[in-house]
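# Observations on the three-dimensional arrangement
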Amino acid sequence: SLPGGPTMESQPPPTDFNSFPHSNSALAVMDRPIRSPHPNDDALSFASANSSGNPQRHPRRGPAGSVRADVTTPFPELSGVRAGLLQSKLAALLKNGVHVKFMVVGQPGLGKTTLISNIFAKAVTHAAPTAAAAATAPGATGAGTSAAPDKKRLSASPPPPAAEDLDDDGAAHEPGSTQSVAVSHSRILVEEVPFHVELVDTPGFADTFDVKKSFEDIVQVIDDAYAEALEKERADARLPSSGADAASAWGAMGDAAGGIDAVLYFIGPHRIKDLDMAMMKRLMNKASLIPVIAKADTMTLPELHAFRTKLIARLARENIRTFSDPFAVIASPYLVESPTSGQKVVGREYPWGVVEAERHSDLTALRRCLISEGLAELKAAKAEFYERHRTELLRREREEAGGGAGGGGA
């Protein structure tokens, strides 16, 4: 044996290089063609080292009758991968569901909560006041809790008169309410997909003498959602440790990024108010802003077209960025008989005829935007809003920490 080498007793038995491919053998260097270094000569190789030495190109080796796949003879197309991925995503979606968080802003009587119920074709739990709002409400003793859904909604009851002084649920609105923000949670099954709907309502918006405070309360709700998400991130609780628990907690299209998925800003018919423009300017940098023209059935088609065009021009002039163009909707908590199909549909009945929310307004298009085709884009936009807010929060904290350190050392 060689000095420092293995002894005869420890040496493995002689290897039969003919028993397996030459790629595992040192002798393959002498026996295997050398691959061409030229990138375009992938299907050809130079002559082997034990040949005459002149580079001669020839096809790579392969089983008898085989052809090497290249540009002219590509590999067969795969099948079943797309279907498998879609099936996997669908299974996760049906199991974990979707979490959505919407904020509705607008003056009372515009059908804000009713529209959300129409979006899901289910009665959404009526919003309860937040802790801050409940503490300031007359006769309040503490934070409110989510109330049970109103069973009268989406019933065949005769529709009430479309009076301006009615709240979303048809009850008489009390001017001067101090309740600025209310939050509700509902679990709704839509085509076997479970939705966890978090609705932030603003029942007292622009209905108090202190409009500035109303603005601040609404914006603060979004800021608090971002701050809460940042605290979760810092506590390493943004997602549970287990992958299965994470999917269960956040859902197939979950809420890992804090904030609001969309702010639906309701604008009354016929008139664009400066107050609406001022509020939307504050909201456009906080979340995806979607203008909604409420009570579209109170305008004729030419009036609606002119009003929508005017609103789009005003938004552009005020440099207000929106997620989409305004949707003109008809919202109703009642079912009426369709004169065309004879079926019960969501709508309103007037002396001159019946209006159907699905047929005569943008309700269907708005539904696709919020919970179907546009949901992924809304989630992506929310993540961007959160990252910007997160960066700003961290920058302020660093500045405050630096100022405090400097002041302590002085």
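Placed above this text is the structure.
Residues numbered from 1 in each chain as written. Predicted model: local features only at pLDDT ≥ 70, side-chain atom pairs only at ≥ 80, totals over all residues. Heavy atoms only, no water.

## A look at the overall build of the protein chain
- Broken down by element type, the protein chain carries ten helices and twelve strands.
- Burial statistics for the protein chain: of 410 residues in total, 37% are counted as buried.
- The long-range fraction of contacts in the protein chain, counting pairs at least 24 apart against all pairs at least 6 apart in sequence, stands at 69%.
- In the structure as shown, the protein chain presents an accessible area of about 23,700 Å², 56% of it carried by carbon and sulfur atoms. (Helix = DSSP H or I, 4+ residues; strand = E, 2+ residues; numbered from the N terminus. Buried < 20%, exposed > 50% of the residue type's maximum accessible area, 1.4 Å probe, protein only. Contact = heavy atoms within 4.5 Å. Areas by Shrake-Rupley, 256 points an atom, 1.4 Å probe, with all protein chains shown as cover.)

## Thoughts on a nonpolar patch on the surface
- On the surface, L78, V81 and L85 cluster together into a nonpolar patch covering about 340 Å² of accessible area.
- Its location among the elements puts V81 in helix α2 (residues 81–96). (Patch = residues over 30% accessible without salt bridge, like charges linked within 9 Å, V, L, I, M, F, W, Y side chains within 5 Å. Salt bridge = Lys/Arg side-chain N within 4 Å of Asp/Glu carboxyl O.)

## Some thoughts on the pairing of strand β7 (residues 262–267)
- Within β7, six of the six residues are buried, which leaves the element mostly enclosed by the surrounding structure.
- Of the two faces of β7, both are covered, the one formed by A262, L264 and F266 as well as the one formed by V263, Y265 and I267.
- Pairing geometry for strand β3 (residues 98–105) and β7, over four bridges, is parallel. Counterpart to F102 in the pairing with β7 is A262.
- Across five bridges, β7 lies against strand β8 (residues 289–293) in parallel orientation. Across the sheet, residue Y265 finds its bridge partner in β8, namely P291.
- With helix α7 (residues 274–283) bridging β7 and its parallel neighbour β8, the resulting β-α-β unit is right-handed. (Pairing = 2+ DSSP bridges. Right-handed = clockwise from strand over helix to strand, strands pointing away.)

## Some thoughts on helix α9 (residues 363–371)
- Looking at α9, one finds that the buried residues are L363, L366, R367, C369, L370 and I371. Take α9 and look down its axis: the buried residues cluster within an arc of 165°, on one side only. (Arc of directions from axis to C-beta.)

## Re the side chain of S288
- Here S288 shows up in the loop between α7 and β8.
- Beyond its immediate stretch of four places on either side in the chain, S288 contacts D261, A262, V263, F323, L378, A381 and F385.

## Some words on the pattern of salt bridges
- For the structure on display, the rule yields 18 salt bridges.
- Note that E233 is salt-bridged to R390, the shortest N-O span being 2.9 Å. Placement of E233 in helix α5 (residues 211–234) and of R390 in helix α10 (residues 375–409) is noted, with a sequence separation of 157 residues between them.
- Using a relative accessible area of 22% as the deciding quantity, one classes R390 as partly exposed.
- A salt bridge links R368 to E373, with the nearest nitrogen and oxygen atoms 3.8 Å apart.

## Digging into unusual backbone geometry
- With a phi angle near 70°, E192 is a residue other than glycine that sits in the positive phi range.
- With a relative accessible area of 58%, E192 lands in the exposed category.
- The backbone of K295 shows a phi angle near 50°, a positive value even though the residue is not glycine.
- Relative to the assigned elements, K295 resides in the loop between β8 and α8 (301–317).

## Digging into the pairing of strand β11 (residues 344–350)
- Pairing between strand β10 (residues 335–337) and β11: three bridges, direction antiparallel. Each residue of the ladder has a partner; that of V336, found in β11, is V345.
- Where β11 and strand β12 (residues 353–356) come together, four bridges link them in antiparallel fashion. In the strand pairing of β12, E349 is matched with V354.
- Where β11 folds back onto β12 in an antiparallel hairpin, the turn is made up of two residues.

## Structural notes on the packing of aromatic side chains
- Counting across every chain of the model gives three aromatic pairs.
- Each ring, one from Y226 and one from Y386, has its centre 6.2 Å from the other, and the planes form 35°; the classification is tilted. With Y226 in helix α5 and Y386 in helix α10, this residue pair connects regions lying 160 residues apart in the sequence. Taken as a pair, Y226 and Y386 share a single burial class, namely buried.
- Ring centres 5.0 Å apart and planes at 5° place the aromatic pair Y350 and W352 in the stacked group.
- Of the residues examined, W352 reaches a relative accessible area of 58% and is grouped as exposed. (Phe/Tyr/Trp six-rings, centres within 6.5 Å; stacked < 30°, edge-to-face > 60°.)

## Let's talk about the side chain of S361
- If you trace the backbone, S361 turns up in the loop between β12 and α9.
- The exposure class of S361 is buried, given its relative accessible area of 14%.
- Within the structure, S361 has its side chain in polar contact with the backbone oxygen of A357 (distance 2.6 Å).
- For S361, the residues in contact, after removing those within four places along its chain, are A328, V329, I330 and E356. (Polar contact = N/O pair within 3.5 Å; in protein donor to acceptor, adjacent residues only side chain to side chain.)

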